[in-house]
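# Per-entry structural report
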Amino acid sequence: MMNDLLIQNIEKSLQLSKPELDELCSYFEPKVIRKKEFLLTQGSVCKFEGFVLEGCFRVFILDKKGKENTLYFAIKDWWLMDIDSFMNQKPSNLNIQALEDSKVLLINRKDKLTLYDAIPATEKLFRIMSQKAIVAWQRRLINNHCQTAKERYHDFVTTYPNIVSKLTDKQIASYLGITHEFLSKIKKSSKDL
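These figures come from a predicted structure and were not determined experimentally.

## Considerations on the sheet that holds strand β3 (residues 48–54)
- Strand order across the open sheet formed by four strands is β1-β8-β3-β6, with antiparallel pairing between neighbours. This sheet does not close on itself; its edge strands, each paired only once, are β1 (29–33) and β6 (79–80).
- Across the sheet, helix α1 (residues 3–11) is in contact with β3, β6 and β8 (102–108); its angle to β3 comes to roughly 110°.

## Comments concerning the nonpolar core
- If you look at the biggest cluster of nonpolar residues, it comprises 22 residues, and the most contacted ones within it are Leu6, Leu24, Phe28 and Phe126.
- In terms of residues, this core owes the most to one element, α1, which gives four residues.
- Once residues lying within four places of it in the same chain are set aside, the contact partners of Phe28 are Leu6, Trp79, Leu105, Leu106, Ile107 and Phe126.
- Judged by nonpolar contacts, the second largest core, of 18 residues, contains Val59, Met81, Ala98 and Val104.

## Concerning the pairing of strand β7 (residues 95–98)
- A two-sided burial pattern is seen for β7, the buried positions comprising Asn95 and Gln97 on one face and Ile96 and Ala98 on the other.
- Pairing between strand β2 (residues 38–40) and β7: two bridges, direction antiparallel. Within the sheet, the bridge partner assigned to Leu40 lies in β7 and is Ile96.
- The pairing of strand β4 (residues 56–62) with β7 spans four bridges and is antiparallel. Along β7, the bridge assignment pairs Val59 with Ile96.

## Some remarks on the packing of aromatic side chains
- For the structure on display, the rule yields 11 aromatic pairs.
- Between the aromatic rings of Phe38 and Phe60, the centroid separation amounts to 6.2 Å while the plane-to-plane angle is 50°, which identifies the pairing as tilted. Note that Phe38 is positioned in strand β2 and Phe60 in strand β4, a separation of 22 residues in sequence.
- Its relative accessible area of 35% is what places Phe38 among the partly exposed residues.
- Here Phe60 falls in the buried class, since its relative accessible area comes to 3%.
- The interplanar angle of 55° and the centroid separation of 5.0 Å between the aromatic rings of Phe51 and Trp79 together place this pair among those described as tilted. Taken together, the residues span a long stretch of sequence, with Phe51 in strand β3 and Trp79 in strand β6 at a distance of 28 residues. We note that Phe51, like Trp79, is buried.
- Here the aromatic residues Phe28, Phe51, Trp79, Tyr116 and Phe126 are joined through ring pairs into a cluster of three or more.
- The ring of Phe60 carries the charged tip of Arg58 above its face, separated from the ring centre by 3.8 Å.

## A word on the side chain of Asp82
- The topology assignment puts Asp82 in the loop between β6 and α3 (83–88).
- Buried within the structure, Asp82 lacks any salt-bridge partner; its nearest side chain of opposite charge belongs to Lys90, at an N-O separation of 7.7 Å.
- A distance of 3.1 Å separates a polar atom in the side chain of Asp82 from the backbone nitrogen of Asp84.
- A distance of 2.5 Å separates the side chain of Asp82 from the side chain of Ser92, its partner in a polar contact.
- With near-sequence residues (within four places) excluded, Asp82 lies in contact with Leu40, Cys46, Ser92, Asn93 and Leu94.

## A few points about the packing of helix α4 (residues 109–118) against helix α5 (residues 121–146)
- Following both chains from N to C, one finds α4 and α5 inclined at 125°, their axes separated by 6 Å at the closest point. By the angle between their axes, α4 is oblique relative to α5. Along the contact surface, α4 presents Lys112, Leu115 and Tyr116, while α5 presents Thr122, Glu123 and Phe126.
- Counted by class, the contact of α4 with α5 contains three nonpolar, one polar and two charged residues.

So, how was this worked out
Residues numbered from 1 in each chain as written. Predicted model: local features only at pLDDT ≥ 70, side-chain atom pairs only at ≥ 80, totals over all residues. Heavy atoms only, no water. Pairing = 2+ DSSP bridges. Helix = DSSP H or I, 4+ residues; strand = E, 2+ residues; numbered from the N terminus. Contact = heavy atoms within 4.5 Å. Axes fitted to C-alpha atoms, helices over the stretch in contact; angles between N-to-C directions. Core = buried A, V, L, I, M, F, W, Y, C linked by side-chain atoms within 4.5 Å. Buried < 20%, exposed > 50% of the residue type's maximum accessible area, 1.4 Å probe, protein only. Phe/Tyr/Trp six-rings, centres within 6.5 Å; stacked < 30°, edge-to-face > 60°. Lys NZ or Arg CZ within 6 Å of the ring centre and 35° of its normal. Lys, Arg positive; Asp, Glu negative; His and termini not counted. Salt bridge = Lys/Arg side-chain N within 4 Å of Asp/Glu carboxyl O. Polar contact = N/O pair within 3.5 Å; in protein donor to acceptor, adjacent residues only side chain to side chain. Parallel < 35°, antiparallel > 145°, perpendicular 65-115°, else oblique. Nonpolar A, V, L, I, M, F, W, Y, C, P; charged D, E, K, R; others polar.

Given below as structure tokens:
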């Protein structure tokens with residue numbers, strides 16, 4: 001069943017009764033996103049928080065020169081959104097694009113707030129999830145400042161082997177903040193070792 005993965009994800013952080021889990025799941029709407037289709041585009045307001053059931057997404061910005069800068073990827077059993085746009089209902093700086101045919105469960109802001117009232121424990125759930133996301137962002141920021149590009153590449157490949165196989169070198173380079181050509185040099189020097 002579609003909600004099984006969502007329930008498993010929730011139960012990693014919080015124990016709810018079967019009726020509460022069923023009610024919580026009822027607030028999410030399934031959506032199929034085709035390869036290269038956008039779930040969110042820069043300049044639009046993020047009206048959802050999403051949970052990935054299948055597929056792979058990349059979350060990126062376009063700078064003033066039109067260069068893509070990838071912030072993160074989201075695969076099965078991961079959450080995705082633009083938290084700033086979602087929380088503050090302001091235009092997003094981000095794009096969320098499917099890298100392959102994908103399925104997500106989406107909850108809109110109004111339903112999420114209603115859910116907090118209907119099942120108060122869900123506020124704790126989303127707080128825990130937010131804290132985990134902040135930890136991940138902090139680690140990434142530290143790595144970007146303290147590691148070489150080669151170290152960041154090896155860390156990415158080791159930490160996310162399920163994602164690497166779904167990505168092009170250009171997308172990996174964009175995530176690492178390096179050029180495609182420099183990534184090719186890193187990969188070649190790694191093979192020579």
